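Here's the letter readout for the chains.
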Amino acid sequence: MSDSADALVKLAIKAGDPYVAAAVHELATGALKQQLEQLILESRRTALSLARWEHTPASVLAALSGVGDDAVDLRLDKNPNTEAGILSNLYVDASNKGNLNLTRLIAQHRNSEVGVLKSIALFAEDADSLLALSKNPSATAEVLASLSARMLDDELSVALNKNIAQNNSASAELLERIYERSDLHTQAAIIGHVNCPDALIAQAMTSDDLLIMRTLARDARISTDVLLQYAKSDDAGVRCGVAANAKTPVSVIGELVSDKSEMVRREIASRNDLLPVHIVRLLVDTDVWVRQRLARNAIAPLPVLSALAGDTHADVRRAVARNTQCPLELLELLATDSNAWVRAAVAYQHHSPLELLIELAADEDVDVLSGVANNPNTPQQILEKLVASSEADVRRGVILNKAATRKTLLPLLEDPYYLHRVLMVANPSLQELDKWNLREDPDYQVRFSVYRWAVKNIAPINARYIVGNEVIRRRRV
Amino acid sequence: MKILVAVKQVAALEEDFEIRADGKDVDEDFMLYDLNEWDDYSLEEAMKIKESSDVEVEVVVVSVGPDRVDESLRKCLAKGADRAIRVWDDSAEGSDAIVVGRILTEVIKKEAPDMVFAGVQSSDQAYASTGISIASYLNWPHAAVVADLQYKPGDNKAVVRRELEGGLLQEVEINCPAVLTIQLGINKPRYASLRGIKQAATKPIEEVSLGDLSLTANDVGAANSMSRVRRMYVPEKGRATMIEGTLAEQAAKIIQIINEFKGA
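Residues numbered from 1 in each chain as written. Chains lettered and ligands numbered in written order. Predicted model: local features only at pLDDT ≥ 70, side-chain atom pairs only at ≥ 80, totals over all residues. Heavy atoms only, no water.

1. Considering the overall build of chain B
Quick note on the threshold: Helix numbering and strand numbering both begin at the N terminus, where a helix is a DSSP run of H or I of at least 4 residues and a strand a DSSP run of E of at least 2. Contacts were defined at the residue level, with two residues in contact if any of their heavy atoms lie within 4.5 Å. For every accessible area listed, the method is Shrake-Rupley and the probe measures 1.4 Å; residues are considered covered only by the protein chains on display. His is not counted, nor are the chain ends, whereas Lys and Arg count as positive and Asp and Glu as negative. Where a charge sits is defined by one atom per residue type, namely NZ (Lys), CZ (Arg), CG (Asp) or CD (Glu).
Regarding its fold elements, chain B presents six helices and 11 strands. The principal-axis extents of the C-alpha atoms in chain B amount to approximately 65 × 45 × 40 Å. Within chain B, residue pairs in contact and separated by at least 24 positions form 70% of the contacts whose partners lie at least 6 positions apart. Carbon together with sulfur atoms contributes 49% to the accessible area of chain B, which is approximately 14300 Å² in total. The positive charge centre, built from 31 side chains, and the negative charge centre, built from 45, are 3 Å apart in chain B.

2. A few points about the overall build of chain A
What counts is decided by this rule: Based on C-alpha atoms, the radius of gyration is set beside the globule rule, defined as 2.2 Å times the residue count to the power 0.38. Here the term buried applies to any residue with accessible area under 20% of the maximum for its type, exposed to any over 50%, and partly exposed to those in between, with areas from a 1.4 Å probe on protein chains only.
Summing up its helical and strand segments, chain A has 35 helices and zero strands in all. Taking 2.2 N^0.38 as the reference for a compact globule, 477 residues should give roughly 23 Å; the C-alpha atoms of chain A span a radius of gyration of 29 Å, well beyond that estimate. With respect to the principal axes defined by its C-alpha atoms, chain A has extents near 75 × 70 × 30 Å. When each of the 477 residues of chain A is scored for burial, the buried share is 53%. Relative to all contacts within chain A whose residues are 6 or more apart in sequence, the contacts with residues 24 or more apart total 51%. With the model as given, the accessible surface of chain A reaches about 21200 Å², and the carbon-plus-sulfur share is 52%.

3. What about the packing of helix α8 (residues 100-108) of chain A against helix α9 (residues 114-123) of chain A?
Residue and element names in this part refer to chain A. For clarity, the cut-off: Axis definition: a line fitted to C-alpha atoms, limited for helices to the stretch in contact. Angles are taken between N-to-C directions and run from 0 to 180 degrees. Relative orientations are named as follows: roughly parallel for angles under 35 degrees, roughly antiparallel for angles over 145 degrees, roughly perpendicular for angles from 65 to 115 degrees, and oblique for any other angle. By definition, any crossing whose near helix is turned counterclockwise from its far helix by less than a right angle is left-handed, and any crossing with a clockwise turn is right-handed. When residues are grouped by polarity, Ala, Val, Leu, Ile, Met, Phe, Trp, Tyr, Cys and Pro land in nonpolar, Asp, Glu, Lys and Arg in charged, and all others, Gly among them, in polar.
Two numbers describe how α8 lies on α9: the axes approach to 10 Å, and their chain directions differ by 125 degrees. The orientation of α8 relative to α9 falls into the category oblique. Judged by the twist between their axes, the crossing of α8 over α9 is left-handed. Between α8 and α9, the residues in contact are T103, I106 and A107 and V116, L117 and I120, respectively. Among the residues making up the contact of α8 with α9, the classes are represented as five nonpolar, one polar and no charged.

4. Overview of the packing of helix α10 (residues 127-135) of chain A against helix α12 (residues 157-165) of chain A
Residues and elements named next belong to chain A. α12 packs onto α10 with a crossing angle of 20 degrees between their chain directions and a minimal axis gap of 8 Å. Judged on the interaxial angle alone, α12 and α10 are roughly parallel. Pair α10 / α12 crosses with right-handed handedness. Contact residues: α10 offers L130, L131, S134 and K135, while α12 offers A159, L160, N163 and I164. Residues belonging to the contact of α10 with α12 are distributed by class as follows: five nonpolar, two polar and one charged.

5. Comments concerning α9(A)
All names here are of chain A. Definition in use: What the arc covers is the set of directions going from the helix axis to the C-beta atoms.
Where α9 is concerned, the buried positions are V116, L117, I120 and A121. Burial along α9 is one-sided: seen end-on, the buried residues are contained in an arc of 140 degrees. Across α9 from its buried face, at more than 90 degrees, point the exposed residues G115 and F123. Turning to α9, the residues buried within the fold contact α7 (84-97), α8, α10 and α11 (141-150).

6. Section: helix α30 (residues 392-400) of chain A
What α30(A) keeps buried is the set A392(A), V394(A), R395(A), G397(A), V398(A) and I399(A). Of the surrounding elements, those touching the buried residues of α30(A) are α28 (366-374), α29 (380-386), α31 (406-409) and α32 (418-425) of chain A.

7. A closer look at the sheet that holds strand β4 (residues 58-64) of chain B
All names here are of chain B. Inclusion rule: One bridge is not enough; two strands pair if DSSP finds at least two bridges between them.
On the basis of which strands lie adjacent, the open sheet formed by nine strands has the order β9-β8-β7-β10-β6-β1-β4-β5-β11 and mixed pairing. Looking at the sheet topology across the chains shown, the edges are occupied by β9 (169-175) and β11 (206-208). Sheet twist, expressed as the average angle between the axes of neighbouring strands with direction ignored, equals 35 degrees. The strands touched by helix α1 (residues 37-52) within the sheet are β1 (2-6), β4, β6 (115-119), β7 (142-150) and β10 (179-182), with β6 carrying the most contacts at an inclination of about 150 degrees. Sitting on the sheet, helix α3 (residues 97-111) touches β1, β4, β5 (83-87) and β6, and the angle it makes with β4 is about 150 degrees.

8. Thoughts on the interface of chain B and chain A
Note the cut-off: Defined in terms of a 1.4 Å probe, buried area is the accessible area two parts forfeit on being brought together, summed over both. The salt bridge definition used is simple: a Lys or Arg side-chain nitrogen within 4 Å of an Asp or Glu carboxyl oxygen. In the analysis that follows, any N or O atom pair within 3.5 Å is treated as a polar contact, provided that within protein one partner can donate a hydrogen and the other can accept it, and provided that, for residues neighboring in sequence, both atoms belong to side chains.
Counting residues at the interface gives 25 residues for chain B, matched by 25 residues for chain A. A buried area of about 2100 Å², summed over both sides, lies between chain B and chain A, and 51% of it is on carbon and sulfur atoms. E391(A) serves as the salt-bridge partner of K188(B), at 2.9 Å between the closest nitrogen and oxygen. At the junction of chain B with chain A, the criterion picks out 12 residue pairs in polar contact (both at pLDDT 80 or more). Elements with a minimum of two residues in the side of chain B that touches chain A: β3 (31-35), α5 (194-202) and α6 (247-262) of chain B.

9. Structural notes on the packing of aromatic side chains
Filter applied, for reference: When two rings of Phe, Tyr or Trp (its six-membered ring) have centres within 6.5 Å they constitute a pair, described as stacked for plane angles under 30 degrees, edge-to-face for angles over 60, and tilted for the intermediate range. By the criterion adopted, a ring carries a charge over it if an Arg CZ or a Lys NZ lies within 6 Å of its centre and within 35 degrees of its normal.
Counting across every chain of the model gives seven aromatic pairs over all chains. Judged by centre distance (5.8 Å) and plane angle (55 degrees), the rings of W53(A) and Y444(A) are tilted. Within this pair, whereas W53(A) is found in the loop between α4 (44-52) and α5 (58-64), its partner Y444(A) is found in helix α34 (residues 444-456), the two being separated by 391 residues in sequence. Classification of Y444(A) as partly exposed rests on a relative accessible area of 30%. Seen from their ring centres, W53(A) and F448(A) are 4.6 Å apart, and the 65 degrees between their planes marks the pair as edge-to-face. Placement of W53(A) in the loop between α4 and α5 and of F448(A) in helix α34 is noted, with a sequence separation of 395 residues between them. Residue class for F448(A) comes out buried when judged on its relative accessible area of 5%. Every member of this aromatic cluster is reached through a ring pair, and the members are Y19(A), W53(A), Y444(A) and F448(A). Cation over ring: R68(B) sits above Y33(B), and NZ or CZ is 4.0 Å from the ring centre. The ring of Y233(B) carries R231(B) above its face, with NZ or CZ at 3.8 Å from the centroid.

10. Describing the side chain of R265(A)
All names here are of chain A. In this structure, R265 sits in helix α20 (residues 262-269). In this structure R265 comes out as buried when scored by relative accessible area, which is 8%. The contact partners of R265, leaving out residues within four places of it in the chain, are L256, V257, S258, D259, K260, R281, L282, D285, T286, D287 and V290.

11. Examining unusual backbone geometry
Apart from glycine, the bulk of residues carry a negative phi angle, and the bulk of peptide bonds sit in the trans form. All names here are of chain B. With an omega dihedral of 5 degrees, the bond running from C176 to P177 counts as a cis peptide bond. Among the structural elements, P177 can be located in the loop between β9 and β10. Positive phi, normally seen in glycine, also occurs at A128, with a value near 60 degrees. Relative to the assigned elements, A128 resides in the loop between β6 and α4 (130-138).

12. Topic: the pattern of salt bridges
A full pass over the atoms with the stated rule returns 57 salt bridges over all chains. Between K10(A) and D6(A) there is a salt bridge; the shortest N-O distance is 3.0 Å. Linking K10(A) with D6(A), this pair stays in helix α1 (residues 3-15), spanning four residues, or about one helical turn. Here D6(A) falls in the partly exposed class, since its relative accessible area comes to 21%. For R75(A), the salt bridge is made with E14(B), and the minimal N-O distance between the two is 2.7 Å. Taken as a pair, R75(A) in helix α6 (residues 70-78) and E14(B) in the loop between β2 (9-13) and β3 lie in two separate chains rather than in one. Both residues of the pair, R75(A) and E14(B), belong to the buried class. Among the ionic contacts, a cluster of salt bridges with common partners joins R44(A), D69(A), E18(B), D27(B) and D29(B).

What follows is the structure, given as structure tokens:
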């Protein structure tokens, strides 16, 4: 261990806090590591809590795997941070004990080793474990192929194939193999699979089944001819797919822009290749969602956005304010809207100018003020006022504002909401000592965050903050 | 002027838990303790009265429970309560809500507050009877499920709005002193400030024994309660079925189920 790491670990031991001990555990070796583990395992409650906590570092989870407590093992099997080696050991243990529940959890864990997953594919007998495995995106093409081959004639194969057909790891060969043995739902999923072989797609293009057609209609791999044919389908789901397909020719868009189904027109309204004639038609659509999607569309020209800014529905006006191309004149207009959600959209808009944000800072609505607090164009004097807001959402906006300076942020180091202090530890605008001074925070999650930050930044941190802890006391700037 | 707020440390369960060997409760290792949510609102209501009053108002929080309950009482102190009292004796283990109400009543007699607030119910046991039993023992007027309160220190009457079924509110005038059980949403509970938390850490929590309240082991505990837990268990699962299949297939099945229920 480096001097800094050694000092950090000793300080954590001195703190006597199991969460602080967990934060620095990966740095420690030998006797110091044992002392940390004594803290971590001081009570079963703590061990259970750390085993299930999604922030517990992998090295701590590894230490907990040696406790030999089934309740702890159950939490380790569920914890997304548990590493492959630990899961492999837990698998052996679960197999020896015949614990099917733990085997199922390992079968679905994304960190499980391929060898373990293959073993489950080849030897597990319970349906739940096999079904969990078939859904696991970490199961390789080979694992899925082994599973499929083993269960070929089993009645479970129908359900397994449905999952495999939706698993991105499935290979083209495997998908082709199970296609003919599958029902229409599974076949449709195979057709929509990213690895679906071209031959199957070509074959599917001759199908008149709605499930297959709806899937293919959204697929960029189908031919223009088929798209043209699908555009005339009686089924709105198929036409929706065509409306969403980037390959759909302009001539078809011209037809679908007046489609009888609003679902189809909504898809059309979001396209980035609309012609002026299409936009004019969509502008007067009776469906609010169509107009709302058009209002969010970055290709909508100024006159269209102006018209939509006067829409009777606030959701449409809000969409205009959220449009990345919304011009200043409309932002000024919408900043005075009677609906707070519309004004909030202007406040959040990253190209709202300083003057507008100053005006909106006088608003009384919490959503508007949150937007002002979030906006990087807001002047620091305003942010400094918002830091004192009684609304946690507003103060969080300042913390998340990338332009907020250290001076602005400093009062938030004492924010009453613990999550805000956790966020402050990750804030790049603060200095090391600002963060380090939170190490004795009343909330264990804040203390854990500070020590994790220290572990990850152990090289740049000046060791004097740690070793010289007694000298450098809490200093507020 | 004094407001006494009865609070409880409640247990939340982890997703996976085990029942205790005696079968009467969950193993404590699987419980996560915190201040009862309803009591957070009760305390905030008391703090609002304190902070808006021209006269001095003392807010006293009281709880019945073992050492671990101090953590919840310190949370109340950090939010601004002036004093905290904890009553415990191992013989009180297993006391039902009525017995807890009786213990709290003895504290109230000693403290002589002008108003008593309690949560409508606790989130872990949900008997909803502690506050009401206090009112009964004291022979004080009470109002349950209070969603709004108009009261100024020194008033001999308060006006409360009670939440009823169907979105109805009932406005009630009640003589004071009174016991009110406070409903969620009546206010917006504050977070404790860091300064408040640090100050609370050094404030004493008054520990009161049964003897201090002229009670004995024969007055409390499961044996002296009017109700006792016989067993706690997870019921067998009902008819729930996981909908399997591809996404399109699952959607189709859900539509089919909805149509069947609608009689289509």
